[in-house]
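Residue-level structural notes
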Amino acid sequence: MTETIIFIIVSVFTLATGWIVVTNRNLFHAALALMASFLGVAGLYVLLDAGFLAAAQLLVYIGAISILIIFAIMLTRRMMQTNESAFNAQPGLSAITAVSVFAIIAYILWRMRQFWPIEPAAGVPLASRTVVPDSLLMDSVAALGRSFVSPDAFVLPFEVASILLLAALIGSIWVAWPKAEDK
Amino acid sequence: MSFSIVEFLKSLAELTTANYLRQVWGNAPWVELVLDIIGVVLVSSFGLIIVIFLIWLERKLIARIQDRIGPNRVGGKFGLLQSVADAMKLLSKELITPNGADKWAYNLAPYLIVITSLLMWAVIPFAPGVVGVDLNIGLFYILAISSVSVVTILLAGWGSNNKYALLGAFRSVAQLVSYEVPMILSVLVPILLARSMSTVDIIEAQTVPFILVVPLSALIFFISSLAETGRTPFDLLEADSEIVAGFHIEYSGMKFAMFFLAEFLGTLFMSGLFVVVYLGGYRFFGLENFETAGGFALGNLFGLITFFVKMFLVYFVFVWVRATLPRVRIDQMLNLNWKFLVPVTLALIFAAAVVDKLLPTGMGDVSRAGVHLFSNVLIGIVTLEILRWHGRKQRVEQEARVSRNLEGVEALAAEAVSSEAAAAH
């Protein structure tokens, strides 16, 4: 019951701030609302007992990506003064796309309904609602870390991502390196 | 179980009041909620009230270090009530919103920055068993929350509609975002040694305090926490002589005080975090497990006192640094971070991981700590040698440049003399 109430509050918050992101003409406010929306998503992760993911959401999306967006907005001052409409010429087409993506996801979730572990067993008090055993939860970070380096799990995507980041690092150093003619 | 005042006081001394209240109130569903709320109120009011004392302490200490007397009028000889008077004054001042300010951002920022600096206290263990929540991602949680505080500074700087505020905010973000990197990396070493990110587990793992195991990591953590709290020598965020006061220049009254509150609270928090991660938290040679003959567990209380003594010792070092060091330039600050701290911490993590893996599993804690200490000292010596070599190279180049210039000047002077002589003829 409490869980449901909190879930509804957090979801309404996430969706409402998301709506502000799309409709607000003040880009700076839109970026702030985007942050609030990310915060709401982090709240959903907490409700799902995924603490590490929630903290990573805060660190990466609010602490890094949003700041990057705000810097981009601030450095292009003209963008703050625009009075154009928020819609381009294709609102109908994008609405159709959005609705069909939603329909596909809903259909998939519906097909998977026998896996929904939402109903608590009868007589179980609310406090012990968690389906995941506590020992696994306490160890979830270690399990996540191990899965990144285990050949059975995600070692390949993990290493590919590392190489991508390394390439970006080397590239940025190369771009920032003082050229001979600058000296 | 019925309520008895003696038992209640006894549980207060043992710091197990929550358990006692649980016994008294039974298993009703509201009990946990009420206990949680009491805990939140206690920790936040501790944070908000201790700042009054911290401001007095800092002013007094800096005054003594600089051979002044400091506050000495309000509240007796030592000026103990000076900060209370200041708080009253700030409370009674008018809150001004400048023309053209972004009202949402401007008014939200002071509250958000205090909230973020209070939220971090949730995972600090004050004494054995006295911790808000023992998250398995404790340190990661702290880093995540502190990255949110960067956003609030941008809010304040942009919302004020003032070029100095915006410049200050840009500087802050550059500084906070870059010093987050060595901070996260240096704290990874204790995490590696303790094999956990939980603050309680890290304290429990410190048979030998980590400052004696990995002193370099502790030093780098301390330097970057100085920068993260924006204190001297890294106080370019509010460099009075350059950008007046930085991002909070337009704020008045209590909203201005909120930023100061957050700064002092953040500094105290960083001292507390340093104690937890490197100084063994509430541990002091087993004193935290002390029990009287009657089974009266006074150890928790001793643990609390130990934690506070250590925390204020570290806080004193913060104040000491502030009172004695000049401010660095922005290019020096960024160079120190990216060209010195980050490479050294990367080497430290590498060394800690390799050494830890190579040591046999049955080894005692003390000898294990000794090997880690040795590898740290080795890295320190190598770093110093590289720095010395680099410094010497730069000095030689500089001297060569100066002597070249001198030759040029002498040649010019000789030419001038000869032409003068020619004119005199």
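Residues numbered from 1 in each chain as written. Chains lettered and ligands numbered in written order. Predicted model: local features only at pLDDT ≥ 70, side-chain atom pairs only at ≥ 80, totals over all residues. Heavy atoms only, no water.

Attention shifts here to the overall build of chain B. Secondary structure assignment for chain B yields 15 helices and 2 strands. Taking the principal axes of its C-alpha atoms as reference, chain B extends roughly 115 × 65 × 45 Å. Expressed as a percentage of its 425 residues, the buried residues of chain B come to 46%. For chain B, long-range pairs separated by at least 24 residues make up 74% of all intrachain contacts whose partners lie at least 6 apart in sequence. Accessible area of chain B: about 21,500 Å², with a carbon and sulfur share of 68%. (Helix = DSSP H or I, 4+ residues; strand = E, 2+ residues; numbered from the N terminus. Buried < 20%, exposed > 50% of the residue type's maximum accessible area, 1.4 Å probe, protein only. Contact = heavy atoms within 4.5 Å. Areas by Shrake-Rupley, 256 points an atom, 1.4 Å probe, with all protein chains shown as cover.)

Scanning chain A for helices and strands turns up 7 helices and 0 strands. Secondary structure of chain A in N-to-C order comes out as α-α-α-α-α-α-α. Long-range contacts, defined as pairs at least 24 residues apart, comprise 54% of the intrachain contacts of chain A with a sequence gap of at least 6. Put simply, chain A shows about 13,700 Å² of open surface, and 74% of that area lies on carbon and sulfur atoms.

Our focus in this paragraph is the domain arrangement of chain B. All names here are of chain B. For chain B, the assigned domains are domain 1 (1-92) and domain 2 (95-393). Between the C-alpha centres of domain 1 and domain 2 the distance comes to 23 Å. Contacts between the two partners involve 23 residues from domain 1 and, on the opposite side, 31 residues from domain 2. In total, about 2,300 Å² of surface goes out of reach between domain 1 and domain 2, with carbon and sulfur atoms giving 83% of it. Three residues, Leu15, Glu58 and Leu90, lead the burial of domain 1 against domain 2; their summed loss comes to 24% of the area buried on that side. Across the domain 1-domain 2 interface, the total number found is 1 salt bridge. Note that Glu58 is salt-bridged to Arg322, the shortest N-O span being 2.7 Å. If you look at where domain 1 meets domain 2, you find 2 residue pairs in polar contact (both at pLDDT 80 or more). Of all the secondary structure elements, the ones that give two or more residues to the side of domain 1 that touches domain 2 are helix H1 (5-14), helix H3 (29-65) and helix H4 (82-92). If you tally residues by element for the side of domain 1 that touches domain 2, the top one is H3, at 15 residues. (Domains from an automatic or database assignment. Buried area = accessible area lost by both parts, 1.4 Å probe. Salt bridge = Lys/Arg side-chain N within 4 Å of Asp/Glu carboxyl O. Polar contact = N/O pair within 3.5 Å; in protein donor to acceptor, adjacent residues only side chain to side chain.)

Should the charged atoms of two oppositely charged side chains come close, the side chains can pair. Residues and elements named next belong to chain B. Within the structure shown, the criterion is met by 6 salt bridges over all chains. As a salt-bridge pair, Asp356 and Arg195 come within 2.6 Å of each other at their nearest N and O atoms. Highlighted residues: Asp356 in helix H14 (residues 330-358) and Arg195 in the loop between helix H7 (163-194) and helix H8 (199-204), separated in sequence by 161 residues. Of the residues examined, Asp356 reaches a relative accessible area of 9% and is grouped as buried. A single network of salt bridges, built from pairs that share partners, joins Arg195, Asp356 and Arg368.

Residue and element names in this part refer to chain B. Of all hydrophobic cores here, the largest spans 117 residues; its most connected members are Leu273 and Phe307. Not counting the four nearest positions on each side in its chain, Phe307 is found in contact with Ile124, Pro125, Phe126, Gly272, Val275, Val276, Gly281 and Tyr282. Leu21, Val24, Val31 and Leu35 belong to the second-largest nonpolar core, a separate cluster that totals 5 residues. (Core = buried A, V, L, I, M, F, W, Y, C linked by side-chain atoms within 4.5 Å.)

So, about unusual backbone geometry. For B:Asp67, which is not glycine, the phi dihedral falls at a positive 60°. Within the element layout of this structure, B:Asp67 appears in the loop between H3 and H4.

Our focus in this paragraph is the confidence of the model for chain A. In the predicted model, chain A carries a mean pLDDT of 80, and 78% of its residues have values of at least 70. The low-confidence segment residues 124-130 of chain A, where pLDDT is below 50, has 6 contacts with residues more than four positions distant or belonging to other chains. (pLDDT = per-residue confidence, 0-100.)

Residues and elements named next belong to chain B. Running from N to C, H7 and helix H10 (residues 215-228) point in directions that differ by 155°, and their axes come no closer than 8 Å. One finds that H7 runs roughly antiparallel with respect to H10. For the pair H7 and H10, the crossing hand works out as left-handed. Where H7 approaches H10, its residues Gln175, Leu176, Tyr179, Glu180, Pro182, Met183, Ser186, Val187, Val189 and Pro190 are matched on the opposing element by Ser217, Ile220, Phe221, Ser224, Ser225, Ala227 and Glu228. (Axes fitted to C-alpha atoms, helices over the stretch in contact; angles between N-to-C directions. Parallel < 35°, antiparallel > 145°, perpendicular 65-115°, else oblique. Left-handed = near helix turned anticlockwise from the far one by under 90°.)

What follows covers the interface of chain B and chain A. With 21 residues of chain B at the interface, the matching set in chain A holds 23 residues. Taken together, both faces of the contact between chain B and chain A bury some 2,000 Å²; the carbon and sulfur share is 84%. Counting the surface chain B buries against chain A, the share from its top three residues, B:Asn136, B:Phe140 and B:Trp158, is 30%. At the junction of chain B and chain A, the tally comes to 0 salt bridges. The interface formed by chain B and chain A contains 0 residue pairs in polar contact (both at pLDDT 80 or more). Secondary-structure elements contributing two or more residues to the side of chain B that touches chain A are helix H5 (103-119), helix H6 (138-159) and H7 of chain B. When residues of the side of chain B that touches chain A are assigned to their parent elements, the largest contribution, 11 residues, is made by H6(B). Here the side of chain B that touches chain A is built from residues that sort into 17 nonpolar, 2 polar and 2 charged. (Nonpolar A, V, L, I, M, F, W, Y, C, P; charged D, E, K, R; others polar.)

Quick look at the environment of B:Asn300 now. Residue and element names in this part refer to chain B. By the element assignment, Asn300 lies in helix H13 (residues 299-324). When the C-alpha positions of Asn300 and Ala127 are compared, they lie 5.7 Å apart, and in sequence the two are 173 residues distant. When neighbours within four sequence positions are excluded, Asn300 is seen to be in contact with Glu14, Leu15, Thr16, Ala127, Pro128 and Glu288.

This paragraph deals with the domain arrangement of chain A. How big an interface is tends to be stated in terms of the accessible area lost upon association of its parts. Domain assignment breaks chain A into domain 1 (1-81) and domain 2 (134-178). The distance between the C-alpha centroids of domain 1 of chain A and domain 2 of chain A comes to 24 Å.

On to the side chain of A:Ser66. All names here are of chain A. The topology assignment puts Ser66 in helix H3 (residues 51-75). The exposure class of Ser66 is buried, given its relative accessible area of 2%. Not counting residues within four places of it along the chain, the set of residues in contact with Ser66 comprises Met35, Phe38 and Tyr61.

Attention now goes to the packing of H3(B) against H13(B). Residue and element names in this part refer to chain B. Contact geometry of H3 with H13 gives a least axis separation of 10 Å together with a crossing angle of 45°. Judged by the angle between their axes, H3 and H13 are oblique. Of the two possible hands of crossing, H3 and H13 adopt the one that is right-handed. Each of Phe46, Ile50, Phe53, Leu54, Leu57, Glu58, Leu61, Ile62 and Ile65 in H3 lies in contact with H13, whose residues at this interface are Phe308, Phe312, Tyr315, Phe316, Val319, Trp320, Arg322, Ala323 and Thr324. For the contact of H3 with H13, the per-class residue count stands at 15 nonpolar, 1 polar and 2 charged.

The end-to-end C-alpha distance of H5(B) is 25 Å, a good match for the 24 Å that 17 residues give at a rise of 1.5 Å each. The sharpest bend along H5(B) comes to roughly 35°, located at B:Ala109, with the proline B:Pro110 sitting one to four residues further on. On its buried face, H5(B) is in contact with helix H2 (27-47) of chain A together with H3, H6 and helix H12 (253-278) of chain B. (Expected span 1.5 Å × (residues − 1). Bend = angle between axes of the 7 residues up to and from the residue.)

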